[in-house]
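Structural overview for review
Now for the letters of each chain:
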Amino acid sequence: MRIGIYPGSFDPVTKGHQDVIDRSVKLFDKVIVGVLKNNQKNHLFTEEERVDMLNAVTKKYDQVEVIPFEGLLVDFLKEYKADAIIRGLRDVTDFNYEIQLAQVNKILSNNIDTIFFTTDSSYVNVSSSIVKEIASYGGDISRFVDGAIIDKVYKKLGVNYGK
Ligand code: PNS
């Protein structure tokens, strides 16, 4: 049984994240989406809200489980006996950060490899931060997040979009 862990903040989950999940389920028997608990990062959504949104967009997959985690990612992997870390790569900026993260995780846990999915070209410019910024100015985020997420983002930001 091949288990992959896809970690992140998912604040909120975007169509870019969903694309990575869609492709991961083809390679792994089980995909655990690891949701970073609130730490020093200032998340807009609570841990529970981020988990709920991920559950909503992954409910079509029996082999996907959404689990919050804190502490080191490599410890989370050990706890669930996972075989690899899954991350998405959009551009060179991501690459510089991701290569560092992957190498540190490899040092911390000798057996752990990181598998990268190059982001589908439709989602190269999509990030949770961009989604929040567009929504905060009342812009249309429907191309970037799932229909189940749209209203939650505007509501959280106190924006009356299209109402
Ligand atoms: O979606 P993000 O915010 O880019 O995800 C970053 C994440 C959660 C993958 C990273 O911050 C992480 O793994 N945090 C847990 C602590 C850890 O193990 N850090 C790596 C070694 S310094």
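For clarity, every value in this text was computed on a predicted model and none was experimentally measured. (Residues numbered from 1 in each chain as written. Predicted model: local features only at pLDDT ≥ 70, side-chain atom pairs only at ≥ 80, totals over all residues. Heavy atoms only, no water.)

Moving on: the pairing of strand 5 (residues 113-118). Taken together, the six bridges between strand 4 (residues 84-89) and strand 5 define a ladder with parallel strand orientation. Its bridge partner being in strand 5, I85 is matched across the sheet by T114. (Pairing = 2+ DSSP bridges. Helix = DSSP H or I, 4+ residues; strand = E, 2+ residues; numbered from the N terminus.)

What follows covers the packing of aromatic side chains. Aromatic ring pairs are described here by two measures, namely the spacing of the ring centres and the angle between the planes. For the structure on display, the rule yields four aromatic pairs. Aromatic pair F76 and Y80: ring centres 5.2 Å apart, planes at 70 degrees, arrangement edge-to-face. On the accessibility criterion, F76 (4% relative accessible area) is buried. Both rings, one in Y154 and one in Y161, keep their centres 4.5 Å apart while their planes meet at 10 degrees; by these two values the pair is stacked. The class of Y154 is buried, set by a relative accessible area of 3%. (Phe/Tyr/Trp six-rings, centres within 6.5 Å; stacked < 30°, edge-to-face > 60°. Buried < 20%, exposed > 50% of the residue type's maximum accessible area, 1.4 Å probe, protein only.)

Moving on, we come to the nonpolar core. Soluble, globular proteins show a tendency: their nonpolar side chains are buried together. Core analysis: the largest hydrophobic core is formed by 32 residues, its most contacted members being L54 and I141. Mapped by element, the contributors of at least two residues to this core are helix 1 (15-27), strand 2 (30-36), helix 2 (47-58), strand 3 (64-69), strand 4, helix 5 (128-136) and helix 6 (147-157). I141 has contacts with V131, I134, A135, I150, V153 and Y154, leaving out every residue within four places of it along the chain. Within the second largest apolar cluster, 12 residues are counted, among which are I5, I32, F69 and L77. (Core = buried A, V, L, I, M, F, W, Y, C linked by side-chain atoms within 4.5 Å. Contact = heavy atoms within 4.5 Å.)

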